[in-house]
Amino acid sequence: MASAVCVNDVSRIVPKDHPADHAAMFLCNMDQRLGFYVRNLFFYAPESGKLDTDRLKSSLAELLDSYHFWAGRLRFNHSGRMEIVCSNAGALFALASSSLSATADHFDDFFFLDEDKITALEDLPLLTIQVSVTGYVTHLLGDDGYAIGMLIHHTLADAIAGMTFLLNFASVNRGDGLYMAPNGDRTRLRARDPPRVAFQHREFAKQTDHGSSRFTLTQESVLSSESRRRKAPKKSRQTFAFTSARLLELKQAVLDDGTLPGCSTFEALAAFIWRAHALSLPGKSSSDVLRLRFMVDTRSVLEPPLGQNFCGNAAYGAFAELTLANLRELPLSSITARVQEAKRRVSNEYVRSGWGYLELHPDAWYHHDCETMINAWPRLMRESLELDFGWGKPRRVEYPLDPRNSSVIFFPLISDGIQVSVCLDSISLATFEKLALISKS
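Reading guide: rules and limits
- Residues numbered from 1 in each chain as written.
- Predicted model: local features only at pLDDT ≥ 70, side-chain atom pairs only at ≥ 80, totals over all residues.
- Heavy atoms only, no water.
- Disulfide = S-S within 2.5 Å.
- Buried < 20%, exposed > 50% of the residue type's maximum accessible area, 1.4 Å probe, protein only.
- Helix = DSSP H or I, 4+ residues; strand = E, 2+ residues; numbered from the N terminus.
- Polar contact = N/O pair within 3.5 Å; in protein donor to acceptor, adjacent residues only side chain to side chain.
- Contact = heavy atoms within 4.5 Å.
- Salt bridge = Lys/Arg side-chain N within 4 Å of Asp/Glu carboxyl O.
- Pairing = 2+ DSSP bridges.
- Core = buried A, V, L, I, M, F, W, Y, C linked by side-chain atoms within 4.5 Å.
- Expected span 1.5 Å × (residues − 1).
- Arc of directions from axis to C-beta.

(A) Highlighting the state of the cysteines. For the structure on display, the rule yields zero disulfides. Cys 311 supplies the cysteine sulfur nearest to Cys 28, a cysteine that is in no disulfide, at a spacing of 12 Å. When its relative accessible area of 1% is taken as the criterion, Cys 28 is described as buried.

Listed below in structure tokens is the structure:
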């Protein structure tokens, strides 16, 4: 579809005082597979305070002194590995207006990227900040409402590092200085030399769909990621609400048979969703093995710990599998125990073994036949509801999803609890809703 975003001005923002050194920044094996953008979108009301775009630009330049590699560009070195050149080529700051309507289906089209001008990796900005007045903002927040969108290349950051950047940006713009000084050194995530694989890594499999996978990286795949994203058919999603009271009931149901001494809210909800999602899938037989994957932050898992200020991709996928018959017949406590087991498996030695596996198998990535993939950062996302640039908190926060993404997403409820976003066909969604016994939000 033609873009409904009209870009009025684009500025290139470079670090205020940090000179370009053109150093090559090492990217670890996790970074190597993430050749695409993630999106954040924040809507602000006019009564929150007057938008000052010059101040935002100045704050971004100041912030890039601490995030100078975010102003760099990607390249592939002589060994075929992707790295960041700290060239100060700059982040982009775009002022735009839009005629997009008030439906979440359009949020993915909200973001500006001038693909006609991107013919090589040195043309590809790793960060774009976009400030827009849109038809949707006017509809929701009044004539002076605006939105701040952030297009962040995934090689730069995982969810935690991305949120730290946003909190730093807001804090600098308020005049409060850095919220947390980032550490972008990825060398501690380097595979051992020689690589040492001490475990069977069933979470990984060879990637065969080189033409359209988001996770098989060549220069061509990185450059075409956005066009493939925009051309992909949008999948149907529905969101289901789990209030704090409902989550408490769910945890109690897990613990009632006395099998487990305890469980977290995430573990209980993940087990519940895994079962409901698996039983909703069409064409599965009782003997089929169904897989679950969810991401674990390794900042405190690795030895020595990376620290919460680590700015990179430190998430690792935990993996579990059960037959459909097991998922149907086992008590929820047993399924939760499998989730806990998968989470415990992500130890320092296991993660380092996984890095070695990826070093030895450059075509491998997380198993593409995983039926239930849970992307869950609700506590972290709740921090985004507090993102105050100096004119008040956002009225609404959105994380537009790649239309090819079939992950189950856990979002925070504005009040309390968790929203579960599920991507299935209409018949399967009806089955899921019946199994989950919850109402659509």
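(B) Main features of the side chain of Arg 299. For Arg 299, the location among the structural elements is in the loop between strand 11 (289–297) and strand 12 (315–323). Only 2.7 Å separates the side chain of Arg 299 from the side chain of Asp 297, close enough to count as a polar contact. Those residues within four positions of Arg 299 in sequence are excluded, and the remaining contacts are Asp 158, Ile 160, Ala 161, Pro 305, Leu 306, Gly 307, Gln 308, Phe 310, Gly 312 and Ala 314.

(C) Geometry of the pattern of salt bridges. Within this structure, the stated rule accounts for 21 salt bridges. The residue Arg 299 makes a salt bridge to Asp 158 at a minimum N-O spacing of 2.9 Å. In this pair, Arg 299 sits in the loop between strand 11 and strand 12 while Asp 158 sits in the loop between strand 8 (146–153) and helix 4 (159–174), placing the two residues 141 residues apart along the sequence. Note on accessibility: Arg 299 and Asp 158 belong to one class, buried. Linking Arg 291 and Glu 321 is a salt bridge whose minimum nitrogen-to-oxygen distance equals 3.9 Å. With a gap of 30 residues between them, Arg 291 in strand 11 and Glu 321 in strand 12 connect regions that are remote in the sequence.

(D) Here's a closer look at unusual backbone geometry. A cis amide bond links Asp 193 with the next residue in sequence, Pro 194, at an omega value of 0 degrees. You can see Pro 194 is positioned in the loop between helix 4 and strand 9 (204–206). Note that the residue after Glu 303, namely Pro 304, is joined by a cis bond; omega there is -5 degrees. Locating Pro 304 in the fold gives a position in the loop between strand 11 and strand 12. In this structure, His 22 takes a positive phi of about 60 degrees despite not being glycine. Its location among the elements puts His 22 in the loop between strand 1 (5–13) and strand 2 (24–26).

(E) Quick look at the pairing of strand 8. Summarising burial for strand 8: eight of the eight residues are buried, a large majority. Covered by surrounding structure in strand 8 are Tyr 146, Ile 148, Met 150 and Ile 152 together with Ala 147, Gly 149, Leu 151 and His 153, the residues of both alternating faces. Pairing between strand 3 (residues 37–44) and strand 8: eight bridges, direction antiparallel. From the neighbouring strand, Tyr 37 faces strand 8, where its bridge partner is His 153.

(F) Geometry of the nonpolar core. Among the nonpolar cores identified, the biggest contains 66 residues, and Leu 60, Trp 70, Leu 74, Ile 148 and Phe 389 are the most heavily contacted of them. If you tally residues by element for this core, the top one is helix 4, at nine residues. For Leu 74, the contacting residues outside a window of four places in its chain are Leu 27, Met 82, Glu 83, Ile 84, Leu 121, Leu 124, Leu 126, His 153, Thr 155 and Val 222. With 63 residues, the next largest nonpolar core counts Leu 189, Leu 327, Leu 429 and Ala 436 among its residues.

(G) Summary view of the side chain of Asn 88. Within the secondary structure, Asn 88 is located in the loop between strand 5 (82–85) and strand 6 (91–98). With a relative accessible area of 12%, Asn 88 lands in the buried category. In this view, Asn 88 contacts Arg 12, Val 14, Pro 15, His 18, Pro 19, Ala 20, His 68, Ala 71 and Gly 72; residues no more than four positions away in its chain are not counted.

(H) Just helix 6 (residues 244–255), in detail. For helix 6, which comprises 12 residues, the first-to-last C-alpha distance of 17 Å matches the rise-based estimate of 16 Å (1.5 Å per residue) to within 8%. Leu 247, Leu 250 and Val 254 are the residues of helix 6 that are buried. In an axial view of helix 6, the angular spread of the buried residues amounts to 55 degrees, which keeps them on one side of the axis. Projecting away from the buried face of helix 6 at angles above 90 degrees are the exposed residues Leu 248 and Glu 249. Looking at the packing, one finds that the buried side of helix 6 touches strand 10 (237–242), helix 7 (265–280), helix 9 (332–345) and strand 17 (418–423).

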